[in-house]
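Descriptive analysis of the structure
Chain by chain, the residues:
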Amino acid sequence: MAADFDEPMFDDDFVRGATFTEPSARERARSPSRRERRRMRRAAKRARRAGGGVGFRRRRRYREPSHRRAVFQLIGAIVVLFAISFALWWWNSAPREPERPVQPIVPTAPGPEAPVPEGPAEPNSPAPAPTTGVPTSIPEI
């Protein structure tokens, strides 16, 4: 049902109930009496108790994190990153037990009984031949 334009939007009772008075400068300057302070403490205690039925310790409010907590979080993050990097290194490293025995590599250099030429070699002279046997196959590494 639409309101008529000639009747006021808010009646006098609504306006009278909505008005409030502010304390004067003198009332604001004086400190509260003992009775008022006790009343305020009781109201604050009552408001804390009626905080949704949850205990004071269990209620979660936003707090600035302490420096100690920030340091613990930083150390924890570093430990987690180290654990992840160590796990990835372990996963990608070679197997610990070889599947087949390693074949030794036979040296192709001459042994100690071969004569060592003294003095500088001539630039156009051929290289000396090895005195030990040459391996017939190349070992796999």
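Note that the structure is predicted; figures quoted are calculated from it, not measured.

1. Structural notes on the overall build of the protein chain
Secondary structure assignment for the protein chain yields four helices and zero strands. Looking at the 141 residues of the protein chain, the share that counts as buried comes to 1%. On the protein chain, roughly 15300 Å² of surface is accessible, and the fraction owed to carbon and sulfur atoms is 60%.

2. Overview of the pattern of salt bridges
Summed over the entire model, instances satisfying the criterion amount to one salt bridge. A salt bridge links arginine 30 to glutamate 36; the shortest N-O distance between them is 3.7 Å. Judged by its relative accessible area of 47%, arginine 30 is partly exposed.

3. Details of a positive patch on the surface
A cluster of basic residues, Arg34, Arg35, Arg37, Arg38, Arg39, Arg41, Arg42, Lys45, Arg46, Arg48 and Arg49, forms a positive patch on the protein surface. By the element assignment, arginine 37 lies in helix H3 (residues 34-49).

4. Comments concerning the packing of aromatic side chains
For the structure on display, the rule yields four aromatic pairs. Geometrically, the ring pair formed by phenylalanine 86 and tryptophan 90 is tilted, given 6.2 Å between the ring centres and 35° between the ring planes. Of this pair, phenylalanine 86 and tryptophan 90 are both found in helix H4 (residues 67-92), four residues apart, which corresponds to roughly one turn of the helix. Residue classification places phenylalanine 86 among the partly exposed residues on the basis of a relative accessible area of 44%. Since its relative accessible area comes to 48%, tryptophan 90 is described here as partly exposed. A network of ring pairs unites the aromatic residues Phe82, Phe86, Trp89 and Trp90 as a single cluster.

5. Overview of H3
Helix length check: H3 (16 residues) gives 23 Å between terminal C-alpha atoms against 22 Å at 1.5 Å per residue, within 8%. In terms of burial, H3 is largely open, as just zero of its 16 residues are buried.

6. A closer look at the environment of glutamate 140
Secondary-structure assignment places glutamate 140 in the segment after H4. Ignoring anything within four residues of it in the chain, the contact list for glutamate 140 reads Arg100 and Gln103.

7. A short note on the environment of serine 93
Structurally, the position occupied by serine 93 is in the segment after H4. Reaching out from serine 93, the side chain makes a polar contact with the backbone oxygen of tryptophan 90 at a distance of 3.0 Å.

Here is what the cut-offs are and how they apply
Residues numbered from 1 in each chain as written. Predicted model: local features only at pLDDT ≥ 70, side-chain atom pairs only at ≥ 80, totals over all residues. Heavy atoms only, no water. Helix = DSSP H or I, 4+ residues; strand = E, 2+ residues; numbered from the N terminus. Buried < 20%, exposed > 50% of the residue type's maximum accessible area, 1.4 Å probe, protein only. Areas by Shrake-Rupley, 256 points an atom, 1.4 Å probe, with all protein chains shown as cover. Salt bridge = Lys/Arg side-chain N within 4 Å of Asp/Glu carboxyl O. Patch = residues over 30% accessible without salt bridge, like charges linked within 9 Å, V, L, I, M, F, W, Y side chains within 5 Å. Lys, Arg positive; Asp, Glu negative; His and termini not counted. Charge placed at Lys NZ, Arg CZ, Asp CG, Glu CD. Phe/Tyr/Trp six-rings, centres within 6.5 Å; stacked < 30°, edge-to-face > 60°. Expected span 1.5 Å × (residues − 1). Contact = heavy atoms within 4.5 Å. Polar contact = N/O pair within 3.5 Å; in protein donor to acceptor, adjacent residues only side chain to side chain.

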